[in-house]
Structures are given as structure tokens and as C-alpha cells.
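Okay, here's what each chain looks like letter by letter:
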Amino acid sequence: MIKRYKFIILAILAIVSLVLGELAKEAKYPPAPLAPLSTPVTTTDWQRGTPEAQAVVVVYSDFACLTCDDIASSLKQLTINPESEVLMVYRHFVGASSTVGKLAASAVEAAGLQDQFWPMHDLLYDRQSVWIGKEDPSDLLLAYAASLHLNLDRFQRDMTSAAVLKKIEADYQSGLSSGLVEAPALFLNGARVQARDL
């Protein structure tokens with residue numbers, strides 16, 4: 001029985017020394033800073049808030065990402081306040097494996113071509129729990145477009161247009177060049193930040 005306790009104590013000491021060793025390494029070699037925003041904000045980016053704001057938040061997001069929904073809701077509250085000094089810039093960061101996310105991004109971009117980007121953006125996040133589980137939410141996306149009084153023929157054409165697909169891919173590539181591997185990702189005045197830092 002005493003041998004068993006000695007073994008347990010030695011195992012605990014070994015684990016503690018490994019943990020302390022890793023902590024010492026982190027203190028000596030802190031993690032590399034997050035990469036800055038590589039693609040500057042332009043007039044082709046979707047923007048919401050005060051154009052001359054002191055705080056510019058660039059968010060890379062995916063409509064099929066549950067965490068992105070929480071961030072979108074918080075940023076919406078920040079930017080719709082008329083006294084807010086925040087400008088939000090939205091960019092897509094949809095990986096190749098996210099078929100539903102790409103479809104949603106196409107719907108938002110197509111709505112944007114009819115001046116309804118932000119209403120469709122908000123609608124997709126507000127109703128995310130309804131459409132996200134569908135293998136093909138095309139019918140729901142079309143219904144959402146109808147609820148925004150969009151020209152549905154144009155909306156459907158635009159969803160698969162080269163211009164829309166190119167915009168989504170360009171956003172994704174700009175995220176990759178800023179060191180992103182997943183959504184959501186936030187940049188405040190060009191510096192990468194964690195959501196909890198906002």
C-alpha cells in the first residue's frame with residue numbers, strides 16, 4: 001500500500017514538474033503576436049456604423065458558425081447606436097468544407113446587390129437555428145429574400161454569379177493572408193484582437 005502511494009506521489013510530482021516546465025518556457029518564449037490585418041478596408045467592404053469612427057472593427061465571419069452569431073449580435077448593438085464611435089466591416093471567412101456557409105454568404109452578397117446586405121445579414125444570424133441544420137437551405141434563403149422584397153429572379157442569378165463568388169473568395173483569401181485559420185476573427189484598427197478584448 002505504501003509503494004502504491006509513493007508511485008502516485010511520484011506521478012503527481014512528474015506531472016507538476018512538466019507543467020511548471022511548460023509555464024517557464026511560455027514565460028521565456030511568449031506566444032507570437034497575432035498577425036495584423038493584411039488587406040486594408042476599402043469602399044468595396046460592407047460597412048455599418050459611423051464612417052469616421054475612431055474604432056474600426058473588421059470581422060471575418062461565417063454564417064454557419066455558432067460563435068459568429070454571438071459576435072454579430074454584439075457588434076450590431078455597438079454599430080446601430082447613433083452615438084457609437086464604431087465602424088464594423090464584414091468579411092466572409094468560409095472554408096471550402098462549409099457548403100451551407102458558402103450558400104449563406106452567397107445569399108447575403110446577392111441581397112447586397114439589391115441594397116439589402118445588412119438586413120439579410122441580420123436575418124440569417126437571427127434565424128440561424130432554423131436554417132443551419134438543413135442540408136440545403138436554398139428554399140429558406142429564397143423565402144428570406146422574399147421577406148425583404150428582393151427581386152427573386154435576380155437574387156437567384158446573383159447567388160451563383162462570378163462577381164458574388166469572387167467577392168466571397170477574395171474575403172477568404174484576405175483572411176488567410178492575415179494569418180486566419182478559422183472564423184470568427186476580429187481586428188481593431190488593424191490589430192488582431194480576441195472577442196473578449198472588445
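Small disclaimer: the values here were computed from a predicted structure and weren't measured.

**Some points on the overall build of the protein**
Then, in step 1: Along the backbone of the protein there are 8 helices and 5 strands.
Then, in step 2: Reading the protein from its N terminus to its C terminus gives the helix and strand order α-β-β-α-β-α-α-α-α-α-α-β-β.
Then, in step 3: Across the 198 residues in the protein, those meeting the buried criterion constitute 39%.
Then, in step 4: For the protein, the share of sequence-separated contacts (at least 6 apart) that also reach a separation of at least 24 residues comes to 78%.

**So, the packing of aromatic side chains**
Then, in step 1: Here the structure, examined in full by the defined rule, presents 8 aromatic pairs.
Then, in step 2: Summarising the aromatic geometry, the rings of Tyr60 and Phe187 are spaced 5.9 Å apart at their centres and angled 75 degrees between planes, so their arrangement reads as edge-to-face. Taken together, the positions of Tyr60 in strand β2 (residues 55–61) and Phe187 in strand β4 (residues 185–188) put the pair 127 residues apart, joining distant regions of the chain.
Then, in step 3: Residue classification places Phe187 among the buried positions, given a relative accessible area of 0%.

**Thoughts on the sheet that holds strand β1 (residues 46–49)**
Then, in step 1: In spatial order, the strands read β1-β3-β2-β4-β5; together these 5 strands make up an open sheet with mixed pairing. Two strands lie at the open edges of the sheet, namely β1 and β5 (191–193), each paired on one side alone. Within the sheet, the average angular offset between the axes of one strand and its neighbour, ignoring direction, is 30 degrees.
Then, in step 2: Relative to strand β3 (residues 86–92), β1 runs antiparallel, the two sharing 4 bridges. Looking at β3, one finds that Trp46 is bridged to Tyr90.

**Some thoughts on the packing of helix α3 (residues 99–112) against helix α7 (residues 152–159)**
Then, in step 1: Packing of α3 against α7 brings their axes to within 8 Å, and their N-to-C directions diverge by 130 degrees. In terms of their interaxial angle, α3 and α7 are classed as oblique. Crossing handedness for the pair α3 and α7: right-handed. Residue-level contacts link Leu103, Ser106, Ala107, Ala110 and Ala111 of α3 to Phe155, Asp158 and Met159 of α7.
Then, in step 2: In terms of residue class, the contact of α3 with α7 is built from 6 nonpolar, 1 polar and 1 charged.

**A look at the pattern of salt bridges**
Then, in step 1: According to the stated counting rule, one finds 5 salt bridges in the structure shown.
Then, in step 2: Between Arg91 and Asp45 there is a salt bridge whose closest N-O contact spans 2.9 Å. Here the residue Arg91 occupies a position in strand β3, and Asp45 occupies one in the loop between α1 (2–28) and β1, the gap between them amounting to 46 residues.
Then, in step 3: Since its relative accessible area comes to 1%, Arg91 is described here as buried.
Then, in step 4: The closest approach of N and O atoms between Asp171 and Lys167, which form a salt bridge, is 3.0 Å. Of this pair, Asp171 and Lys167 both sit in helix α8 (residues 162–177), 4 residues apart, which is roughly one turn of that helix.
Then, in step 5: Take Asp171: its relative accessible area is 5%, and that puts it in the buried class.
Then, in step 6: When salt bridges that share partners are traced, they join Arg48, Lys76 and Asp122 into one network.

Conventions and cut-offs
- Residues numbered from 1 in each chain as written.
- Predicted model: local features only at pLDDT ≥ 70, side-chain atom pairs only at ≥ 80, totals over all residues.
- Heavy atoms only, no water.
- Helix = DSSP H or I, 4+ residues; strand = E, 2+ residues; numbered from the N terminus.
- Buried < 20%, exposed > 50% of the residue type's maximum accessible area, 1.4 Å probe, protein only.
- Contact = heavy atoms within 4.5 Å.
- Phe/Tyr/Trp six-rings, centres within 6.5 Å; stacked < 30°, edge-to-face > 60°.
- Pairing = 2+ DSSP bridges.
- Axes fitted to C-alpha atoms, helices over the stretch in contact; angles between N-to-C directions.
- Parallel < 35°, antiparallel > 145°, perpendicular 65-115°, else oblique.
- Left-handed = near helix turned anticlockwise from the far one by under 90°.
- Nonpolar A, V, L, I, M, F, W, Y, C, P; charged D, E, K, R; others polar.
- Salt bridge = Lys/Arg side-chain N within 4 Å of Asp/Glu carboxyl O.

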